[in-house]
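# Structural characterization, general
These are the residues of each chain, in order.
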Amino acid sequence: MTASEYFSLHRPQAKFFLGDKVYGKLDKIPFMGTVGNDRMINESDGCIVSVHLYLPILIDGEVFNVINVPRDSLSLLKVFK
């Protein structure tokens, strides 16, 4: 078994893909943005998604344009026609 076959069987598959539009809350602050990466670094942290924000947010006196949030705290933004 090759390494790519092993990881495809034993790691969670991506739920969000590059460019997906998502929304959620981080420390009770709502945000919207575009997915940059959906990955799992280690077992203890779980799946983490990097989100490029449409508008920067201020958390503890620091401005963020890109945040890393758990996958469970995001929802896919649906387009209404």
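Overview of the structure. (Residues numbered from 1 in each chain as written. Predicted model: local features only at pLDDT ≥ 70, side-chain atom pairs only at ≥ 80, totals over all residues. Heavy atoms only, no water.)

Looking now at the nonpolar core. Within the largest apolar cluster, 13 residues are counted, with the highest numbers of intra-cluster contacts made by Leu 26, Phe 31, Val 51, Ile 67, Val 69 and Leu 74. Those elements giving two or more residues to this core turn out to be strand E1 (21-26), strand E2 (29-40), strand E3 (47-59) and strand E4 (62-70). Among the elements that take part in this core, E3 stands out by supplying 5 residues, more than any other. If near-sequence neighbours (up to four positions away) are discounted, Val 69 is found in contact with Leu 26, Phe 31, Cys 47, Ile 48, Val 49, Val 51 and Leu 74. (Core = buried A, V, L, I, M, F, W, Y, C linked by side-chain atoms within 4.5 Å. Buried < 20%, exposed > 50% of the residue type's maximum accessible area, 1.4 Å probe, protein only. Helix = DSSP H or I, 4+ residues; strand = E, 2+ residues; numbered from the N terminus. Contact = heavy atoms within 4.5 Å.)

Within the fold, Asp 38 resides in strand E2. Separated by 3.1 Å, the side chain of Asp 38 and the backbone nitrogen of Phe 16 make a polar contact. Excluding anything up to four places from it in sequence, Asp 38 contacts Ala 14, Lys 15, Phe 16, Cys 47, Ile 48, Val 49 and Arg 71. (Polar contact = N/O pair within 3.5 Å; in protein donor to acceptor, adjacent residues only side chain to side chain.)

The analysis is restricted to geometry; functional conclusions fall outside its scope.
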